[in-house]
Amino acid sequence: MFKRGDIVRCTTNRYIYTSYMRPCTVKGYEENGKLLIKPFNKNSIFDINDEETFEIVPSKEILRNGQEILLKDCDHKVIFDKYLNSGWIQVINNNWREDIRIERVIYER
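Residues numbered from 1 in each chain as written. Predicted model: local features only at pLDDT ≥ 70, side-chain atom pairs only at ≥ 80, totals over all residues. Heavy atoms only, no water.

**Quick look at the overall build of the protein chain**
The following threshold applies: We count a stretch as a helix when DSSP gives it H or I for four or more residues in a row; a strand needs E for two or more, and each element gets its number in order from the N terminus. Radius of gyration here uses only the C-alpha atoms, and the compact-globule reference equals 2.2 Å multiplied by the residue count raised to the power 0.38.
The helix and strand tally for the protein chain stands at 0 helices and 10 strands. Traced from its N-terminal end to its C-terminal end, the protein chain shows the element sequence β-β-β-β-β-β-β-β-β-β. Computed over the C-alpha atoms, the radius of gyration of the protein chain is 14 Å, within 12% of the 13 Å expected from 2.2 N^0.38 for a compact globule of 109 residues. Principal-axis analysis of the C-alpha atoms gives the protein chain an extent of 50 × 25 × 20 Å.

**A short note on the pairing of strand S7 (residues 78-83)**
Which entries qualify depends on this criterion: Any two strands with at least two DSSP bridges between them are considered paired.
One ladder, built from 2 bridges, connects strand S6 (residues 68-71) with S7; its direction is antiparallel. Note that in S7 the partner of Glu-68 across the bridge is Ile-79. A loop of 6 residues connects S6 with S7, the two strands running antiparallel in sequence, and Asp-73 in this loop sits at a positive phi of about 65 degrees. In this sheet, strand S8 (residues 88-93) lies alongside S7 in antiparallel orientation, the contact comprising 4 bridges. Bridge pairing in S8 places Phe-80 opposite Val-91. Connecting S7 to the next strand, S8, in antiparallel fashion are 4 residues, including Ser-86 with a positive phi near 55 degrees.

**Brief notes about the environment of Gly-87**
With respect to the element layout, Gly-87 can be found in the loop between S7 and S8. With 13 residues separating them along the chain, Gly-87 and Ile-100 place their C-alpha atoms 8.6 Å apart.

**A word on the sheet that holds S6**
Pairing is antiparallel across the open sheet formed by 5 strands, whose spatial order is S9-S8-S7-S6-S10. Every other strand in the sheet has two partners, leaving strand S9 (96-101) and strand S10 (105-106) as the edge strands with one partner each.

**Observations concerning the side chain of Asp-81**
Filter applied, for reference: Summary of the burial criterion: residues with accessible area below 20% of their type's maximum are buried, those above 50% are exposed, and those between are partly exposed, where the area comes from a 1.4 Å probe applied to protein chains only. Counting of polar contacts relies on pairs of N or O atoms within 3.5 Å, with two restrictions inside protein: one atom must be capable of donating a hydrogen and the other of accepting it, and residues adjacent in sequence are counted only when both atoms are side-chain atoms.
Tracing the backbone shows Asp-81 in strand S7. Of the residues examined, Asp-81 reaches a relative accessible area of 14% and is grouped as buried. A polar atom in the side chain of Asp-81 sits 2.7 Å from the side chain of Arg-97.

**Thoughts on the pairing of strand S2 (residues 24-29)**
By the bridge criterion, 2 bridges tie strand S1 (residues 7-10) to S2 in an arrangement that is antiparallel. Counterpart to Ile-7 in the pairing with S2 is Thr-25. Alignment of S2 against strand S3 (residues 35-39), held across 5 bridges, turns out to be antiparallel. Residue Thr-25 lies in a different strand from S3, and its bridge partner there is Lys-38.

**Things to note about the side chain of Glu-61**
This is how the line gets drawn: Any two residues having at least one pair of non-hydrogen atoms within 4.5 Å are treated as being in contact.
Among the structural elements, Glu-61 can be located in the loop between strand S5 (54-56) and S6. Residues within four places of Glu-61 in sequence aside, it is in contact with Arg-9, Tyr-83 and Tyr-107.

**A short note on the sheet that holds S5**
Applicable threshold: Where helices are involved, their axes are fitted lines through C-alpha atoms of the stretch in contact, as for all axes, and angles between N-to-C directions lie from 0 to 180°.
Pairing in this open sheet of 5 strands is antiparallel, and the strands run S4-S3-S2-S1-S5 from one edge to the other. Only two strands of the sheet have a single neighbouring strand rather than two, namely strand S4 (46-48) and S5. Here the average twist between neighbouring strands, direction ignored, is 45 degrees. In this structure, S3 lies alongside S4, joined through 3 bridges in antiparallel fashion. Bridging across to S4, Ile-37 finds its partner in Phe-46.

And the structure:
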């Protein structure tokens, strides 16, 4: 069970907005027990039926707007811009916006 303010992420591709690896802020629980979360870069709150598919996000794996990050198969750093739907993020690479899969991010240890 999560608590209000926790940052969580879905470990499956089952959802669109709260999709795979996108951080979400826990807003609490509905009266019927459904988890309420607000995805990063979204203004809407969603209710989740299967809380078991969510986990706490390690603080080093929460990307911030403007943060320089490394990507697999890329020999230089790019700038993280925002989280997108369905397991995608947007980065700025040599002044071009590019949508990439979140699995390509190399997190600092």
